[in-house]
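Listed here are the chains, written in short residue letters.
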Amino acid sequence: ERKMGYRHKIIDRKGGFTIIELVMVIVLIAIMAALAIPKFDSYYAIKLGGAARKLLFDIRYAQRLAIAQHDSYGVEFNTAANTYRIYKVSDNSTAIEPLSRSSFLVDYTANTEFKDIDITSVNFGGTTKIAFSSLGVPKNGSGVDLSVNGTVTISYKGSSQTITVIPNTGKASL
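Residues numbered from 1 in each chain as written. Predicted model: local features only at pLDDT ≥ 70, side-chain atom pairs only at ≥ 80, totals over all residues. Heavy atoms only, no water.

Asks: Which parts of the structure should I look at to understand the packing of aromatic side chains?
Replies: Centre distance and the angle of the planes are the two values used to describe a pair of aromatic rings. What the rule picks out here adds up to five aromatic pairs. Between F77 and F124, the aromatic rings sit 6.1 Å apart at their centres with planes inclined by 25°, giving stacked as the arrangement. A residue pair is termed long-range when its members are at least 10 positions apart, and F77 in strand β1 (residues 73-78) and F124 in the loop between β5 (118-123) and β6 (129-132) qualify at 47 residues. An identical accessibility class is assigned to F77 and F124; each is buried. Between the aromatic rings of Y84 and Y108, the centroid separation amounts to 6.0 Å while the plane-to-plane angle is 65°, which identifies the pairing as edge-to-face. In this pair, Y84 is assigned in strand β2 (residues 83-88) and Y108 in the loop between β4 (105-107) and β5, connecting sequence segments 24 residues apart. A residue is classified by how much of its surface remains accessible, and Y84, at 1% relative accessible area, is buried. For Y108, a relative accessible area of 1% gives the class buried. Pairwise contacts between aromatic rings join F77, Y84, Y108, F114 and F124 into one cluster. (Phe/Tyr/Trp six-rings, centres within 6.5 Å; stacked < 30°, edge-to-face > 60°. Helix = DSSP H or I, 4+ residues; strand = E, 2+ residues; numbered from the N terminus. Buried < 20%, exposed > 50% of the residue type's maximum accessible area, 1.4 Å probe, protein only.)

Printed below as a string of structure tokens:
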């Protein structure tokens, strides 16, 4: 019987993985997971930012609609239902959304794009409505000119953004 030397030893391996191979795979998965976690945070910020910009543009739209139509239009918020709508003040009718030609109602619970966005607080002179005169002057829900900044705050996954409407000019900003 002939002995095999060190260099010619035959290793009989039966498929399977060594502990080193398993550890390397686990380490690679952990590194990829660590890199992916910050991506979710930026997704949350993008979603919240998109909802805040839409709300800002909708408030500006109500003001421009009031000026263009020479009538009072406003935005009414419902924090319990997470909705807001643009409406004509004189008859309380919901305005028509210019692109879809449907009622101008934004529902954060039903809209998949903005699902889970919360309207956390609204304060326009102690009311949850802001209206604009035909000159674009902001008023609270009682029809009184705003004397201090009006605000709407929305939130998502622990972050929030506030839209502010200043008195006299009605300039809305984030």
